[in-house]
Amino acid sequence: MAPQQREPFTGYMVIGEDGTILTVAEGGPPANLDAAEVFDAHGDWIIPGFVSAHSHLWQAAYRGLAADKTLTSWIDDIYMRRAGKSPAEDFYWFCLLGSLDHLQHGITTAYNFNYTRVDWQSEENVFDAAQFRAEEKSGIRFVHGYEPGWMAPGVTVEQARKRLKAFLDWTSRQPKSSAFLSVMLNGGTAFNNTYQQAVMEKALMDEFHLANQSHYLEPPEAETQGEERAKFRWFMDSGMLSSRLIFGHFIHTDDYILKETVKNNIAITWNPLSNGRMASGVADIPRYLKMGIRIGMGIDGEASGDLADPFENMRAGLYAVRDKYGDATVLSPYQVLWLHTVGSADVLEAKGKVGSLEPGKFGDFLVIDPARLGAVLEDPYANLVLVTGERDIDRVYVGGELKVEHGELLRQDVSGIREEVNRRVTAAK
């Protein structure tokens, strides 16, 4: 997926001791290359690890629930009736399970919307700390999405600032890890009923130099869409519109919002599995691409998309868009693969680190066995997007380290983790 390298080739790749790619080249490796470990892929396909620009890792504990609900009532069910009863330590296990499920499906980097319950009388961040530990434990590369809390009467920007600073100070004291890419804000402007939410988020973005991913224009109900479009003025007046703002979902737009999105170089995340599952609608990706909007793809939560499968996500998105247009040429397999790798990395401000196989980037890649994909493989991109599934992944590497082999996670007690999650979910009912 590197620039100017659309044609696949037979070659070799060298990963350095620091986990970054040293060489990607055609042909065989030089005879004098001294490697600590050699893997001969024997005609398998090597592709970059997938990047999910929008995930809720903890939701792996709640898959298959609220199956007939759209967003607003789904939130009431998952967040209020269920997750709201679990203590912070539960979310360590929930997040760990979701992180490992992402890895098992070939997602090596994810933006994680962490769950929290804010106590404005305290600067502790026990929910975020628990999930940060899980992200680190799993071995996935991650952007930690931090929930800054909701503004309300009696709540001040200074309180939000102190909470965030305490968390950032805490992360700075943790052992250094290349898996931890950055902290970004989980914006709540579209969900709150006060303009002060936007003011607070903008202040935090400026002081701590953080990007912000805000769910926006997702629900299918016309009344809710109107309310959220009216809040675009809050994003504008607060000064939040910039290249450091990411709109999650971004389905029910209008011409003015699109124009301002392009003007301010705002990015978006596209979440086809979740959007289809909850009847949210189909984002007009071909139009966005023509306008030059930066787009990444996300698995979303495993309580809204249910599967952390990027292959299913690409197919669902491609089919929905083609169906919307009645045109099989409007979006190609190559384009959706690009969006779920390089495009997502760009949205997460990590394009120089992940998303493609190039020297200097992390050695995060998948080994795909093409044996089941068809006798005629004249278009590898079509076969990857239209045919490939989790069962075709032979290996998953992060930083040159083997994490998954033939569907099995290495050095992780997955069955034990799953049992612990199930026990905690049951106990919290």
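Above this text you will find the structure in question.
Reading guide: rules and limits
Residues numbered from 1 in each chain as written. Predicted model: local features only at pLDDT ≥ 70, side-chain atom pairs only at ≥ 80, totals over all residues. Heavy atoms only, no water. Helix = DSSP H or I, 4+ residues; strand = E, 2+ residues; numbered from the N terminus. Rg over C-alpha atoms; globule rule 2.2 N^0.38 Å. Buried < 20%, exposed > 50% of the residue type's maximum accessible area, 1.4 Å probe, protein only. Areas by Shrake-Rupley, 256 points an atom, 1.4 Å probe, with all protein chains shown as cover. Patch = residues over 30% accessible without salt bridge, like charges linked within 9 Å, V, L, I, M, F, W, Y side chains within 5 Å. Salt bridge = Lys/Arg side-chain N within 4 Å of Asp/Glu carboxyl O. Pairing = 2+ DSSP bridges. Contact = heavy atoms within 4.5 Å. Axes fitted to C-alpha atoms, helices over the stretch in contact; angles between N-to-C directions. Parallel < 35°, antiparallel > 145°, perpendicular 65-115°, else oblique. Left-handed = near helix turned anticlockwise from the far one by under 90°. Nonpolar A, V, L, I, M, F, W, Y, C, P; charged D, E, K, R; others polar. Polar contact = N/O pair within 3.5 Å; in protein donor to acceptor, adjacent residues only side chain to side chain.

## As for the overall build of the chain
Next, step 1: Check the secondary structure of the chain and you find 14 helices and 16 strands.
Next, step 2: A compact globule built from 429 residues would reach a C-alpha radius of gyration of about 22 Å, and the chain, at 21 Å, matches this within 12%.
Next, step 3: Looking at the chain as a whole, 56% of its 429 residues qualify as buried.
Next, step 4: Surface summary for the chain: the accessible area is close to 17,800 Å², and the carbon and sulfur share equals 50%.

## Quick notes on a nonpolar patch on the surface
Next, step 1: A cluster of nonpolar side chains, contributed by Y319, L386 and V387, occupies part of the molecular surface with about 240 Å² of accessible area.
Next, step 2: Here V387 lies in the loop between α13 (380-386) and β14 (393-398).

## So, the sheet that holds strand β6 (residues 141-146)
Next, step 1: In spatial order, the strands read β11-β10-β9-β8-β7-β6-β5-β4-β12; together these nine strands make up an open sheet with parallel pairing. Single-partner strands in this sheet number two, and they are β11 (294-297) and β12 (300-301).
Next, step 2: The sheet contact formed by strand β5 (residues 107-113) and β6 spans five bridges and is parallel. Each residue of the ladder has a partner; that of F113, found in β6, is G145.
Next, step 3: Taken strand by strand, helix α5 (residues 196-208) contacts β7 (180-187) and β8 (212-216), and its axis lies near 160° from that of β7.

## Things to note about the sheet that holds strand β3 (residues 45-48)
Next, step 1: The strand order β3-β13-β14-β15-β16 describes an open sheet built from five strands, whose pairing is antiparallel. Of all the strands in the sheet, the pair left with one neighbour each is β3 and β16 (408-409).
Next, step 2: Bridge count for strand β13 (residues 365-368) against β14 is four bridges, and the pairing is antiparallel. From the neighbouring strand, L366 faces β14, where its bridge partner is V396.

## Digging into the packing of helix α4 (residues 157-172) against α5
Next, step 1: Two numbers describe how α4 lies on α5: the axes approach to 10 Å, and their chain directions differ by 40°. In terms of axis orientation, α4 runs oblique to α5. Crossing angle aside, the handedness with which α4 passes α5 is right-handed. Each of V157, A160, R161, L164, K165 and L168 in α4 lies in contact with α5, whose residues at this interface are M200, A203, L204, E207 and F208.
Next, step 2: Taken together, the residues of the contact of α4 with α5 break down into eight nonpolar, no polar and three charged.

## Points about the packing of helix α2 (residues 88-104) against helix α14 (residues 414-427)
Next, step 1: Orientation of α2 relative to α14, taken along the N-to-C sense of each, is 135°, at an axis distance of 9 Å. Classified by the angle between their axes, α2 and α14 sit oblique to one another. Like other packed secondary-structure pairs, α2 and α14 cross with a definite hand, here left-handed. From α2, E89, D90, W93, F94, L96, L97 and L100 reach across to α14, where they touch I417, R418, E420, V421, R424 and V425.

## Side note on the environment of N186
Next, step 1: Mapped onto the elements, N186 comes out in strand β7.
Next, step 2: Each C-alpha atom, one on N186 and one on A316, is 25 Å from the other, the two residues being 130 residues apart in sequence.
Next, step 3: Excluding residues within four positions of it along the chain, N186 makes contact with Y111, F113, N114, G145, Y146, E147, P148 and Q213.
Next, step 4: Within polar-contact distance, the side chain of N186 engages the side chain of Y111 at 2.8 Å.
Next, step 5: Side-chain polar atoms of N186 contact the backbone oxygen of G145, separated by 3.0 Å.

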